[in-house]
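# Summary of the model geometry
Now for the letters of each chain:
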Amino acid sequence: MTNPKVRVETADTEAAAWHARLGARNVSTGAIEDFFTWRAKPANAEAYRRVEKIWADTGKVADDPEIARALEAAMSRKAGAASSRGVPRTLLGLAAVGAAAALAIGAWAWQQSRTVFVTGVGEQRLVQLADGSSIRLDTASRIRVRFADDRRLVDLERGQALFTVAHDRDRPFIVDAGATQVTAVGTVFDVRRDGATVSVTLVSGAVDVAPGEGRAAQRMAAGQHAKVTSGGVATRIADVPAETSWTDGRIVFRDTPLRQAVSEVNRYLTAKIELDATSLDAVPVNGVFRTGDRDAFVSTASQVFDLEASPGPDGSVRLTARKNN
């Protein structure tokens, strides 16, 4: 007969290994499928929840000096026989779920990088989460993922992301974007953070949008767009294909003011476009451009609006109105 204690310890070790593996920058579809097969066993699912909880709890004790000293002592010891099998000491600490908090905090620094996902300017990234949800990050974005027993929390620290949320009624999926909080159970929605302003586009399902702590949440329906400011939540009918076109590497402009269009194109560029033609700021722009294709936008804008393009010393391009002859 299998020793139950041995099986629990094995499940915890495997859960810790899966937690590390799923935190890698690139996770194959096959790996995700293998994980779901492994997690289908109740003991494995419970072990993975315990590992997630340890990661969630480590931040609570990160500043405790006694735990920090205990961690330093623990991590300075030889890993012993287990280390000889190639198991990282951090993961060994996770496998012993009932161990002291010192080993949990021992993984804290690693956990910070494991749950933080970032894209550079012009970069996009698809993040697969262990619960079956996925997050597609747009240019210059940063998120932090924290899962617990009663909720799934994502901090959108900057930028934009499309969330495809796996249904779990017992654990709502919450996106914090500054003071704004978006709560879903199972749905698809886009969140963009521009300073203190947050925009939410709901593709399917339903979400609750709260403009700040202690303020009433507003329920959104599929096909709606919400703009959240300090003044509250304003909703309108969304042009969903246009507002989520970035996921296909496109920017769609429909009667977009030229100044705003330039700003949107610049989000994907390190060498920016500078518009020096204030009289044309509000002129509407219509068209579809590939993200990062500066030359196509500059060429089209120059022809349509009679602008002159000149290179800057830093690699930028300045658009100015041509002088009348």
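For the structure given in this document, a descriptive report is provided here. Since the structure is predicted, the reported quantities are computational estimates derived from the model, not experimental observations. (Residues numbered from 1 in each chain as written. Predicted model: local features only at pLDDT ≥ 70, side-chain atom pairs only at ≥ 80, totals over all residues. Heavy atoms only, no water.)

What follows is about the pairing of strand E4 (residues 142–147). Looking at chain direction, strand E1 (residues 116–118) and E4 are connected through three bridges and run antiparallel. Considered in E4, the bridge of Phe 117 is made with Ile 143. Across six bridges, the pairing between E4 and strand E5 (residues 152–164) is antiparallel. For Arg 142, the partnering residue across the bridge sits in E5 and is Arg 158. (Pairing = 2+ DSSP bridges. Helix = DSSP H or I, 4+ residues; strand = E, 2+ residues; numbered from the N terminus.)

Ordered in space as E15-E18-E17, the three strands form an open sheet in which the pairing is mixed. Each edge of the open sheet carries a strand with a single partner, namely strand E15 (273–276) and strand E17 (307–311). Taken pair by pair, the neighbouring strands of this sheet meet at an average axis angle of 25°, ignoring direction. Strand direction decides the pairing type here: E17 and strand E18 (residues 317–321), joined by five bridges, are antiparallel. Following the sheet pairing, Pro 311 is matched in E18 by Val 317. Contacting E15 and E17, helix H10 (residues 258–266) runs over the sheet at an angle of about 165° to E15. Along the sheet, helix H11 (residues 294–304) contacts E15, E17 and E18; its crossing angle with E18, the most-contacted strand, is approximately 10°. (Axes fitted to C-alpha atoms, helices over the stretch in contact; angles between N-to-C directions. Contact = heavy atoms within 4.5 Å.)

What follows is about the nonpolar core. Residues Ile 135, Phe 163, Phe 173, Val 175, Phe 189 and Val 191 are the most contacted members of the largest nonpolar core, which totals 29 residues. For this core, the leading source of residues is E5, giving four residues. If near-sequence neighbours (up to four positions away) are discounted, Phe 163 is found in contact with Ser 134, Ile 135, Val 154, Phe 173, Val 175, Thr 187, Val 188, Phe 189 and Val 191. Leu 162, Phe 253, Leu 280 and Ala 301 belong to the second largest nonpolar core, which has 24 residues in total. (Core = buried A, V, L, I, M, F, W, Y, C linked by side-chain atoms within 4.5 Å. Buried < 20%, exposed > 50% of the residue type's maximum accessible area, 1.4 Å probe, protein only.)

On to the pattern of salt bridges, then. Once their charged atoms are close, side chains differing in charge can pair, the charge on each being opposite to the other. With the rule as written, the count across this model stands at 17 salt bridges. Between Asp 168 and Arg 171 there is a salt bridge, and its shortest N-O distance comes to 3.5 Å. The residues Asp 168 and Arg 171 share a single accessibility class, namely buried. Across the salt bridge formed by Arg 236 and Glu 243, the nearest N and O atoms sit 3.1 Å from each other. Its relative accessible area of 41% is what places Arg 236 among the partly exposed residues. Linked by salt bridges that have partners in common, Asp 138, Arg 192, Asp 194, Glu 264 and Arg 267 make up one network. (Salt bridge = Lys/Arg side-chain N within 4 Å of Asp/Glu carboxyl O.)

Following the sequence through the fold, Arg 144 ends up in strand E4. Judged by its relative accessible area of 18%, Arg 144 falls in the buried class. A distance of 3.3 Å separates polar atoms of two side chains, one belonging to Arg 144 and the other to Glu 157. (Polar contact = N/O pair within 3.5 Å; in protein donor to acceptor, adjacent residues only side chain to side chain.)

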